[in-house]
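Single-letter residue listing:
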Amino acid sequence: MNNLAWFTTPAILVAIAAGILIQLGLNPLTWGTPTQLPTNAQIIDQRAFSVLGVVPPPSQANDSTVFLWPGVTHQSLTEKPFHIYDEEFYSIIGPDPSLTVIATSERDPIFHEAVVWYPPTDEVFFVQNAGAPAAGTGLEKSAIIQKISLLEAETSRRSMAKNSEVTVTVVESNPPVVNPNGATSYNGQLIFAGEGQGSDTPSALYLMNPEAPYNTTVLLNNYFGRQFNSLNDLAINPQNGDLYFTDTLYGFLQDFRPAPGLRNQVYRFNFATGAIAVVADDFTLPNGIGFSPNGRYAYVTDTGSHLGFYGRNLSSPASVYRFDVKKDGTWENRKTFAYVSSGVPDGVHCDSKGNVYAGCADGVHVWNPSGKLIGKIYTGTAAANFQFAGQGRMVITGQTKLFYATLAAAGPPLT
């Protein structure tokens, strides 16, 4: 090798470039990692609990118990709620993330699911828990839709006063969305999945105007003349524009819907033709649904281990599954993407980079696109659902607590 060839080998060029960058104060070895740990974040070293002195039996340590390994407490985990499991999480939370409780309820789980952002008014909609005993909803009365202003949420975050809560406004949909659970945006309007009520009010998809008078139109309420079991969540694929939704048993398992008449499945609905088809089954209790930003992957959570009023089966799924979405809109190549240790994964969404987030019993868990757990937004309470509100903002529903998070990540474009 002559001297010129030696100086032009790729390895030498990289070394020279790195030396120049370091002299300029730009160390490439630290790219993607902040020079300082954010104030509200902490690093979770998983080696700290790889081997425990005592591992309790399932009756004592299970999906419903808070895992406190040596050296941590519930207080220490909640005081710094952004938990870094991998350095990839730094780019998601940014240098100064925050988590603020912006509204509370004493017992009524009014902050449940169907979290959806409406940009023209900068408001976020969500719904009350249908079927919860503390709410009295389900068979006797329908759960309600509510909304908050993100301007108020930001004011609450910046306020030095404790208990500076936002105004929670009840949305009077007309005709009412009966026991709403899931929601998504669609062409400037909102689509809700209503679970139904009793045997005579079927589960249905509703299109709602996000502004007064909040008028609604039923888009779909049957599968070839047969009632759905209990529609749960929905999402629009950004690649083909079709609506995909999950049908499960929670209305029945919470005693406000009849015994199921169909399999628990994921359906696809075409707006233009009204065509409906099953794209996936073989779930225990399919629940949340979301897509990667390019629409090529679908994510479905299975909360089969939680059986509503009928207890838990810890050998059933608490899992996130991933599917490939083909160009014709059908699904294939089911893969177990993640299994959660805390409760069940409920709502599932992606950010603009394709990272995957799911609401779990202790907060929002975050995985990179390959399924590696990289971090948590630790709420210390069940986070049934959440949603990005554009760049750097997220609203998390925690049943009796409503959280507002600021971070670096952004949600994908709205449909």
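Since the model is a prediction, treat every value here as computed from it, not as a measurement. (Residues numbered from 1 in each chain as written. Predicted model: local features only at pLDDT ≥ 70, side-chain atom pairs only at ≥ 80, totals over all residues. Heavy atoms only, no water.)

Trainee: Is there a simple way to explain the side chain of S173 in this structure?
Mentor: Within the secondary structure, S173 sits in the loop between β7 (169–171) and β8 (180–186). Its relative accessible area of 12% is what places S173 among the buried residues. A polar contact is formed between the side chain of S173 and the backbone nitrogen of V177, at a distance of 3.0 Å. Residues in contact with S173, not counting those within four places in the same chain, are I145, M208, Y214 and T216. (Helix = DSSP H or I, 4+ residues; strand = E, 2+ residues; numbered from the N terminus. Buried < 20%, exposed > 50% of the residue type's maximum accessible area, 1.4 Å probe, protein only. Polar contact = N/O pair within 3.5 Å; in protein donor to acceptor, adjacent residues only side chain to side chain. Contact = heavy atoms within 4.5 Å.)

Trainee: Any chance you could explain the environment of E211 here in plain terms?
Mentor: Looking at the secondary structure, you find E211 in the loop between β10 (204–208) and β11 (216–220). For E211, a relative accessible area of 36% translates into the label partly exposed. Linking E211 and G182, residues 29 residues apart in sequence, is a C-alpha distance of 18 Å. Those residues in contact with E211 that lie beyond four places of it in its chain are Y118, P120 and T121.

Trainee: Quick question: what am I supposed to make of the sheet that holds strand β23 (residues 373–378) here?
Mentor: Across a sheet, strands are paired by hydrogen bonds formed along the backbone, either parallel or antiparallel in direction. Spatial strand order, β1-β2-β23-β22-β21-β20: six strands in an open sheet with mixed pairing. Strand pairing shows two members of the sheet lacking a second neighbour, β1 (41–43) and β20 (348–350), which therefore form its edges. Taken pair by pair, the neighbouring strands of this sheet meet at an average axis angle of 20°, ignoring direction. The pairing of strand β22 (residues 363–367) with β23 spans five bridges and is antiparallel. Bridged to V364 within β23 is I377. (Pairing = 2+ DSSP bridges. Axes fitted to C-alpha atoms, helices over the stretch in contact; angles between N-to-C directions.)

Trainee: How should the packing of aromatic side chains be read in this particular structure?
Mentor: Both the distance between ring centres and the angle between the ring planes are used here to describe each pair of aromatic rings. All chains considered together, the criterion is met by 21 aromatic pairs. On the numbers, 5.6 Å between centres and 90° between planes, the contact of F228 with F245 is edge-to-face. Of this pair, F228 sits in the loop between β11 and β12 (231–236) while F245 sits in strand β13 (residues 243–247), and the two are 17 residues apart along the sequence. Comparing F228 with F245, the two get one shared label, buried. Ring geometry for Y244 versus W331: centroids 5.5 Å apart, planes at 20°, classification stacked. Pair noted here: Y244 is in strand β13 and W331 is in strand β19 (residues 331–339), with a separation of 87 residues, a long-range link. The exposure classification of Y244 matches that of W331, with both residues buried. Within the aromatic cluster, the residues linked to one another by ring pairs are Y244, F283, F291, Y321, F323 and W331. (Phe/Tyr/Trp six-rings, centres within 6.5 Å; stacked < 30°, edge-to-face > 60°.)

Trainee: Help me out: how do you make sense of the confidence of the model for the chain in this one?
Mentor: When pLDDT is averaged along the chain, the result is 92, and 91% of the positions lie at 70 or above. Segment residues 1–32 is flagged for pLDDT under 50; beyond a separation of four residues in sequence, or across chains, it makes 16 contacts in the model. (pLDDT = per-residue confidence, 0-100.)

Trainee: How should the nonpolar core be read in this particular structure?
Mentor: Grouped burial of nonpolar side chains is what soluble globular proteins tend to show. Grouped together as the largest cluster of nonpolar side chains are 21 residues, with contacts concentrated most on F89, I92, Y357, I377, M394 and I396. Within the residue set of this core, elements represented by two or more residues are β2 (82–84), α4 (89–93), β22, β23, β24 (385–388), β25 (391–397) and β26 (401–410). If we ignore the near neighbours within four places in the chain, the residues touching I377 are P81, F82, F89, L99, D362, G363, V364, M394, I396 and L407. (Core = buried A, V, L, I, M, F, W, Y, C linked by side-chain atoms within 4.5 Å.)

Trainee: Please clarify how helix α5 (residues 150–158) should be interpreted in this entry.
Mentor: Because each turn of an α-helix spans 3.6 residues, side chains separated by three or four positions in sequence point in the same direction. Those residues of α5 that sit buried are L150, A153, E154 and S156. Each buried residue of α5 lies within a common arc of 160° when the element is viewed along its axis, so the set occupies one face. Across from the buried face of α5, at angles greater than 90 degrees, the exposed residues are L151 and R158. Packed against the buried residues of α5 are β3 (98–104), β4 (113–118), β5 (123–127), β6 (145–149), β25 and β26. The N-cap residue of α5 is S149: its side-chain oxygen and the backbone nitrogen of L151 are 3.2 Å apart. (Arc of directions from axis to C-beta.)

Trainee: What exactly am I supposed to notice about the pattern of salt bridges here?
Mentor: Pairs may arise between side chains of opposite charge once their charged atoms sit close together. Applying the stated criterion across every chain yields a total of 11 salt bridges. D63 is paired through a salt bridge with R312; the nearest N and O atoms lie 3.0 Å apart. Of the two residues, D63 is situated in the loop between β1 and α3 (74–79) and R312 in the loop between β17 (297–302) and β18 (319–325); the sequence distance between them amounts to 249 residues. Notably, a salt bridge pairs D242 with R268, separated by 2.7 Å at the nearest N-O pair. Separated by 26 residues along the polypeptide, D242 in the loop between β12 and β13 and R268 in strand β14 (residues 265–269) bring together distant segments of the chain. Taken as a pair, D242 and R268 share a single burial class, namely buried. (Salt bridge = Lys/Arg side-chain N within 4 Å of Asp/Glu carboxyl O.)

Trainee: It is not clear to me how the sheet that holds β4 should be interpreted in this structure. Could you clarify?
Mentor: Read across the open sheet, the four strands follow the order β4-β5-β6-β7; overall the sheet is antiparallel. The sheet is open, and its two edges are formed by β4 and β7, each paired on a single side. Geometrically, the sheet is characterised by an average inter-axis angle of 30° between neighbouring strands, direction not taken into account. Two strands pair when backbone bridges link them, and β5 and β6 are joined in this way by five bridges, in the antiparallel orientation. When the bridges of β6 are listed, F126 appears paired with Q146.

Trainee: Which parts of the structure should I look at to understand the environment of L52?
Mentor: In this structure, L52 sits in the loop between β1 and α3. On the basis of relative accessibility, which here comes to 27%, the residue L52 falls in the partly exposed class. C-alpha separation for the pair L52 and G251, spaced 199 residues apart in sequence, amounts to 40 Å. When near neighbours in sequence (up to four residues on either side) are disregarded, L52 contacts F67 and P70.

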